[in-house]
Amino acid sequence: MYLLDKATQLTVDRSTLTDLYAYPPAPGLDGRCHLVANMVTSLDGAAMVGGVSGALGGDGDHEIFELLRELCDVVLVGSGTVIGEDYGPIGGDSDTDTAPRLAMVSGSLSIDPAQGSVAAPTTVIMTCASAPEENRRRLLDAGATLVDCGETEVELPLVLSALADRGRTRVLCEGGPGLLANLYAADLVDSLCVTIGPAVVGGSAGRITHGPDGAPARQMRRAHVLADDEGYLFTKWVRA
Ligand SMILES: NC(=O)c1ccc[n+]([C@@H]2O[C@H](COP(=O)([O-])OP(=O)(O)OC[C@H]3O[C@@H](n4cnc5c(N)ncnc54)[C@H](OP(=O)(O)O)[C@@H]3O)[C@@H](O)[C@H]2O)c1
């Protein structure tokens, strides 16, 4: 065991932080994406407070959140997070860059077409051929881009290969717990960044993964643990 104490503290500058969170060089050469998930939790394991996760993070968490967005090609999220956190569009590098920057997973397509990110040119909605036709039509009429990744259900490996086909191989999953559980069940998570906040929030909030019982446990290996003066721990874990 090791003690994280004042005497051994080293300040981590921006360049070191970038190295610590960097994707491996040239992901996608083997035809597959590299998927990093980033989540925040309270000390007692809550993934949200009052239906959103914002209150759990501090300045350091925001810095890592923004850094990971800069380092990735595309942000992958479940529809519950897009709706619950009211995601806005994520921009391309220029006005003419319409490569996907936000990939939203939804099997039901029961998303309000007026939701802020739905019709953005850099958003793609990953769904399946059997999604309700009426919902599909409403979203298409609103200008959304839909990609079918499976016939009767959304197959997450097909979601990642559809992103890789579009040159988006550095994938950042920002949750939520439902999508992350499914990604773990399909063994698609390469690394997991977890910010642990110093508050005990109680209540009935779920954890950072939430899915059916019986999924196999996935072993992760600790890559690093950082700390700040506000009491947060910033951890990164990689596929063991
Ligand atoms: N602590 C954190 O770091 C963190 C991060 C993100 C979100 N959150 C919180 O999590 C809450 C939302 O949780 P959530 O579990 O509902 O969010 P979610 O995982 O973002 O969304 C779940 C939805 O994603 C779609 N989905 C996921 N996997 C799918 C699959 N394999 N096939 C088809 N559809 C799939 C489904 O959409 P359809 O129902 O449309 O089919 C499902 O209902 C919010 O309160 C948010 O604040 C916390």
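Data block above holds the structure.
Our subject in this report is the structure included herewith. Because the structure is predicted, anything quoted here is derived from the model rather than measured.

1. With respect to the site of the ligand
So, step 1. Near the ligand you find 25 residues, and of these Ala47, Gly51, Thr81, Glu85 and Ser106 are the closest.
So, step 2. One nitrogen or oxygen atom from the main chain of Ala47 is found 2.7 Å from a nitrogen atom belonging to the ligand.
So, step 3. Between the ligand and Asn182 there is a distance of 2.9 Å, counted from a nitrogen atom to a side-chain nitrogen or oxygen.
So, step 4. Considered on its own, the ligand offers 920 Å² of accessible surface; in the complex 78% of this is hidden by protein.
So, step 5. Of all the secondary structure elements, the ones that give two or more residues to the shell around the ligand are strand S1 (34–41), helix H3 (79–84) and helix H6 (177–185).
So, step 6. In terms of residue count, H6 provides more of the shell around the ligand than any other element does, 4 residues in total.
So, step 7. Taken domain by domain, the shell around the ligand gets at least three of its residues from each of domain 1 (31–72 + 187–240) and domain 2 (74–90 + 98–168).

2. Digging into the side chain of Thr122
So, step 1. Structurally, Thr122 can be placed in the loop between strand S3 (102–105) and strand S4 (123–127).
So, step 2. Setting aside residues up to four positions removed in sequence, Thr122 forms contacts with Ile90, Gly91, Gly92, Asp97, Thr98, Ala99, Pro100, Arg101 and Leu102.

3. Details of the pattern of salt bridges
So, step 1. Per the counting criterion, the structure on display carries 11 salt bridges.
So, step 2. Between Glu70 and Arg14 there is a salt bridge, and its shortest N-O distance comes to 3.3 Å. You can see Glu70 sitting in helix H2 (residues 59–71) and its partner Arg14 sitting in helix H1 (residues 14–21), a full 56 residues away along the chain.
So, step 3. Relative accessible area serves as the criterion here: at 55%, Glu70 is assigned to the exposed category.

Procedures and definitions
Residues numbered from 1 in each chain as written. Predicted model: local features only at pLDDT ≥ 70, side-chain atom pairs only at ≥ 80, totals over all residues. Heavy atoms only, no water. Near = heavy atom within 4 Å. Polar contact = N/O pair within 3.5 Å; in protein donor to acceptor, adjacent residues only side chain to side chain. Areas by Shrake-Rupley, 256 points an atom, 1.4 Å probe, with all protein chains shown as cover. Helix = DSSP H or I, 4+ residues; strand = E, 2+ residues; numbered from the N terminus. Domains from an automatic or database assignment. Contact = heavy atoms within 4.5 Å. Salt bridge = Lys/Arg side-chain N within 4 Å of Asp/Glu carboxyl O. Buried < 20%, exposed > 50% of the residue type's maximum accessible area, 1.4 Å probe, protein only.

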